[in-house]
Amino acid sequence: MLSTTTTRTETPMTFHRLAAGIACAAAMSSAFAQSFPQRPVRLVVPYAPGGSADIAARLISDAWAKNLGGTIVVDNRAGAGGNIGVDAVAKSPADGYTIGLQTVSLAINPGLFPRMPYDTLKDLAPIGMVAGSQHVLVVNNKIPAKNLQELIALAKARPDKLTYGSAGNGSTFHMSAELFKSVANVSIVHVPYRGGGPALVDTIAGQVDMSFPVISAAQQHVQAGKLTALAVTGSRRSPLLPNVPTAAEAGLPGYNFETWFMVFAPAGTPKPVIDKLNATLNAALTADATRDRMTKEGFDPMPTTPEAARKRLEQELPVWAQLIRQRGITAE
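The protein carries the name Tripartite tricarboxylate transporter substrate binding protein in an unreviewed UniProt entry, which gives Cupriavidus pauculus as its organism. The annotation that UniProt attaches to the protein under Sequence similarities (unreviewed entry) is "Belongs to the UPF0065 (bug) family."

### A look at the nonpolar core
Ranked by internal contacts, the top residues of the largest apolar core, which has 51 residues, are Leu106, Leu148, Leu151 and Phe180. With 6 residues, helix α12 (residues 306–327) is the single largest residue contributor to this core. The two domains that each donate at least three residues to this core are domain 1 (41–132 + 260–327) and domain 2 (136–250). The contacts of leucine 106, once residues within four sequence positions are left out, are Val86, Tyr118, Thr120, Leu124, Trp260, Met262, Phe264, Leu313 and Leu317. With 33 residues, the next largest nonpolar core counts Ile99, Leu101, Leu281 and Met294 among its residues.

### Digging into the sheet that holds strand β7 (residues 189–192)
If you walk across this open sheet you meet the 5 strands as β7-β6-β8-β5-β9, and the pairing is mixed. Only two strands of the sheet have a single partner each, and these edge strands are β7 and β9 (227–232). Strand direction decides the pairing type here: strand β6 (residues 163–166) and β7, joined by 4 bridges, are parallel. Along β7, the bridge assignment pairs tyrosine 164 with histidine 190. Along the sheet face, helix α7 (residues 172–184) touches β5 (136–140), β6 and β7 and points at about 150 degrees away from the line of β6.

### Quick notes on the domain arrangement of the protein
Looking at the protein, the domain boundaries give domain 1 (41–132 + 260–327) and domain 2 (136–250). Using C-alpha coordinates to define each centre, domain 1 is positioned 26 Å away from domain 2. Both sides together, the interface formed by domain 1 and domain 2 hides about 1000 Å², and carbon and sulfur atoms give 66% of it. Applying the counting criterion to the domain 1 and domain 2 interface returns 2 salt bridges. Between glutamate 178 and arginine 327 there is a salt bridge, and its shortest N-O distance comes to 3.4 Å. Between domain 1 and domain 2 we count 3 residue pairs in polar contact (both at pLDDT 80 or more) in total.

### Digging into the packing of helix α4 (residues 105–112) against α12
Relative orientation of the contacting elements α4 and α12 amounts to 45 degrees, with a least axis distance of 8 Å. What the angle tells us is that α4 and α12 run oblique. You can see that α4 and α12 cross each other, and the crossing is right-handed. Here Leu106, Ala107, Ile108, Pro110, Gly111 and Leu112 of α4 come into contact with α12, specifically with Leu313, Glu316, Leu317, Trp320, Ala321 and Ile324. When its residues are assigned to classes, the contact of α4 with α12 shows 10 nonpolar, 1 polar and 1 charged.

Calculation criteria
Residues numbered from 1 in each chain as written. Predicted model: local features only at pLDDT ≥ 70, side-chain atom pairs only at ≥ 80, totals over all residues. Heavy atoms only, no water. UniProt positions renumbered as here; feature names shortened; annotations may be inferred. Core = buried A, V, L, I, M, F, W, Y, C linked by side-chain atoms within 4.5 Å. Buried < 20%, exposed > 50% of the residue type's maximum accessible area, 1.4 Å probe, protein only. Helix = DSSP H or I, 4+ residues; strand = E, 2+ residues; numbered from the N terminus. Domains from an automatic or database assignment. Contact = heavy atoms within 4.5 Å. Pairing = 2+ DSSP bridges. Axes fitted to C-alpha atoms, helices over the stretch in contact; angles between N-to-C directions. Buried area = accessible area lost by both parts, 1.4 Å probe. Salt bridge = Lys/Arg side-chain N within 4 Å of Asp/Glu carboxyl O. Polar contact = N/O pair within 3.5 Å; in protein donor to acceptor, adjacent residues only side chain to side chain. Parallel < 35°, antiparallel > 145°, perpendicular 65-115°, else oblique. Left-handed = near helix turned anticlockwise from the far one by under 90°. Nonpolar A, V, L, I, M, F, W, Y, C, P; charged D, E, K, R; others polar.

Here it is in structure tokens:
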């Protein structure tokens, strides 16, 4: 009887202690979020300065920091297709003070690299989307094709003779081109470079026949007549090149490539901190001044919830893994 009575009195006490502990932890997490940040937040960009991810980070950092009530410092940590910088974030303390910004390569790299230093879904906590951005298919002036259908016909007549330059294996330049080859059913030789700039320079010079740069990088060269733009890669025309059709308009339905930029924290970062980072980011993205600056650089702001960002990542991981397997694409 004594044993039974003791069990009956201790069980509710244990439950109450557990409930009190959970409530206390939640209160502490909420209080931490309210006082966050108390020191600068480090925003890791896993590429060198000057690239699209770096530009996106610097376009949003000031307005985001102001909304957050603190300072955001952009930290470029390039290497391994972005994996070095992302891994640094994944292995940082989960307190919101080290976060990252990555392109669609966040979804591409797990299918591309045989060994990943982190697990994309388990080790990272999406904060939200930043923006979307299109690429554009450009050819040098030596290529006789003046529209997309002529280029496809030329590629089919000369299999493995035409070349395209990219910013490196697994880059968005590379993947947008491989998706084009798959949809158009053409065989064009890949020439990887160490960055999009050198690939674009060699396209202009005629060392390679074409490339798929981001629109903001190609715009001035197209307008100067140094390159011919045949199609933008997204679902709608770009205000930067309003006279250039989409691939669908140019006769290639089914081809659509738009890179995106996402910010994330280490897994385990308190939800109130994630929510605060997300709300202040979205406020920056919807501000007229920020939107204007981003649009002029070829970005389409994409405010979302953390849940929507995670869902997009979950949906795209298998899509890119399948394309990489089908095309036999490797990181080397």
